[in-house]
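Below are the chains, spelled out letter by letter.
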Amino acid sequence: MAYQMGKYRLLALDLDGTLLNEQSEISEMNAKWVKHAIEAGVTVCVSTGRGFPSALPFAEQLGLDTPMITVNGGEIWTKPHALHQRTLLDSDKIMKLHALAERYDVWFWAYTTEDIYNKERWVGDTIARNWLKFGYYTEDAPILSAILNEIQTWEGLELSNSSPHNIEINAQGVSKASALMEVCRMRGYDMSEVVAVGDSMNDIAAIRASGLGVAMGNAQDEVKLAANVITGSNQKNGVAEVIQNYVLRA
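Sequence order as written defines residue numbering, which begins from 1 separately in each chain. Local features in this predicted model are restricted to residues whose pLDDT is 70 or higher, and side-chain atom pairs enter the listing and the counts only when it is 80 or higher, whereas totals over whole chains, interfaces and linings include all residues. To get the side-chain values, all heavy atoms of the structure are used, and hydrogens and water are removed first.

1. Examining the overall build of the protein chain
Within the protein chain, the regular secondary structure consists of 9 helices and 15 strands. In this description the radius of gyration comes from C-alpha coordinates, and the expected globular size is given by 2.2 Å times residues to the power 0.38. For 250 residues, the compact-globule estimate of 2.2 N^0.38 gives 18 Å, and the C-alpha radius of gyration of the protein chain, at 18 Å, lies within 12% of that figure. Taken along the three principal axes of its C-alpha coordinates, the protein chain extends 60 × 35 × 30 Å. Only protein chains enter the calculation, and the probe is 1.4 Å; a residue is then buried if its accessible area is under 20% of its type maximum, exposed if over 50%, and partly exposed in between. Counting across all 250 residues of the protein chain, residues that qualify as buried make up 54%. For the protein chain, the proportion of contacts with a sequence separation of at least 24, taken over those separated by at least 6, is 57%. Labels follow the DSSP assignment, with helices taken as runs of H or I lasting at least four residues and strands as runs of E lasting at least two, numbered in each case from the N terminus. Whether two residues are in contact is decided by their heavy atoms: any pair within 4.5 Å suffices.

See the structure below:
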């Protein structure tokens with residue numbers, strides 16, 4: 001059966017908790033329906049908090065030669081390996097964020113344009129690197145809340161999360177929503193022609209800004225409240241369901 005594109009021309013898919021199941025795999029059903037969307041002429045765009053190196057294998061698995069949004073919008077790619085735009089996070093802010101992580105003794109990680117660093121392996125010269133994102137992780141809710149309360153008073157930061165147990169920090173103004181707007185500008189699309197699918201706070205602005213904002217069944221409650229529709233969970237091929245129900249017509 002040949003499927004046709006409906007009114008939506010761009011499908012923006014988060015990876016973890018959305019396109020990927022709990023084993024970090026793309027299910028056969030999701031892969032099949034993404035392929036149908038591509039064949040119908042829909043632009044499928046990976047939109048993730050991950051850095052480019054860890055997002056790339058999934059784009060390659062799906063055979064995507066389309067724009068990618070990585071590190072929550074800190075990087076926008078015209079297609080895999082072709083960088084369009086990059087927004088850095090100041091090194092002095094990274095040093096402050098790192099000092100706070102050490103003070104609270106929580107797990108942390110950070111992306112530079114070259115590599116990823118974390119609590120077990122931190123960089124020697126912070127100033128010399130080009131930073132994109134910093135993140136905290138702890139299942140101790142009061143500590144996570146204390147960290148969030150402190151950094152909310154700092155200027156020049158964009159705060160989100162990719163799970164209820166973390167905080168992700170980019171440069172102010174960087175989000176999947178602003179990145180999607182730039183992708184639309186590049187491709188000549190309107191945001192009303194975008195379907196954005198996700199599960200976490202780093203998806204919420206894109207979900208609100210798109211023609212159709214979709215929350216996964218496993219999404220955080222606030223994300224579900226922001227969405228137009230709620231699909232199945234990432235364990236139950238929620239992305240395939242979105243494509244079948246909203247993106248394609250038979």
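2. Description of the pairing of strand β2 (residues 10-13)
Every second residue of β2 is oriented toward a common face, with L10 and A12 on one face and L11 and L13 on the other, all of them buried. One requirement defines pairing of two strands: DSSP has to find at least two bridges between them. Two elements, β2 and strand β3 (residues 43-47), share 4 bridges in a ladder whose sense is parallel. Paired with L11 across the strands is V44, a residue of β3. Pairing geometry for β2 and strand β12 (residues 194-198), over 4 bridges, is parallel. When the sheet's bridge partners are listed, L11 is paired in β12 with V195.

3. Quick word on unusual backbone geometry
One non-glycine residue, V71, adopts positive backbone phi at about 40 degrees. Of note, V71 is situated in the loop between β4 (68-70) and β5 (75-79). Residue class for V71 comes out buried when judged on its relative accessible area of 0%. One non-glycine residue, H81, adopts positive backbone phi at about 75 degrees. Residue placement: H81 occurs in the loop between β5 and β6 (82-86). You can call H81 exposed: its relative accessible area is 57%.

4. Examining the sheet that holds β2
One open sheet holds the 8 strands; their spatial order is β6-β5-β4-β3-β2-β12-β13-β14, and the pairing between them is mixed. With partners counted over all chains shown, the strands left at the sheet margins are β6 and β14 (229-230), one partner each. Relative to β5, β4 is paired through 3 bridges, and the arrangement is antiparallel. Paired with I69 across the bridge in β5 is I76. With axes taken as lines fitted to C-alpha atoms, and helix axes fitted only over the stretch in contact, angles between N-to-C directions fall between 0 and 180 degrees. Together, β3, β4 and β5 form the strand contacts of helix α3 (residues 52-61), whose direction differs from that of β4 by roughly 145 degrees.

The values are spatial; any link to function lies outside them.
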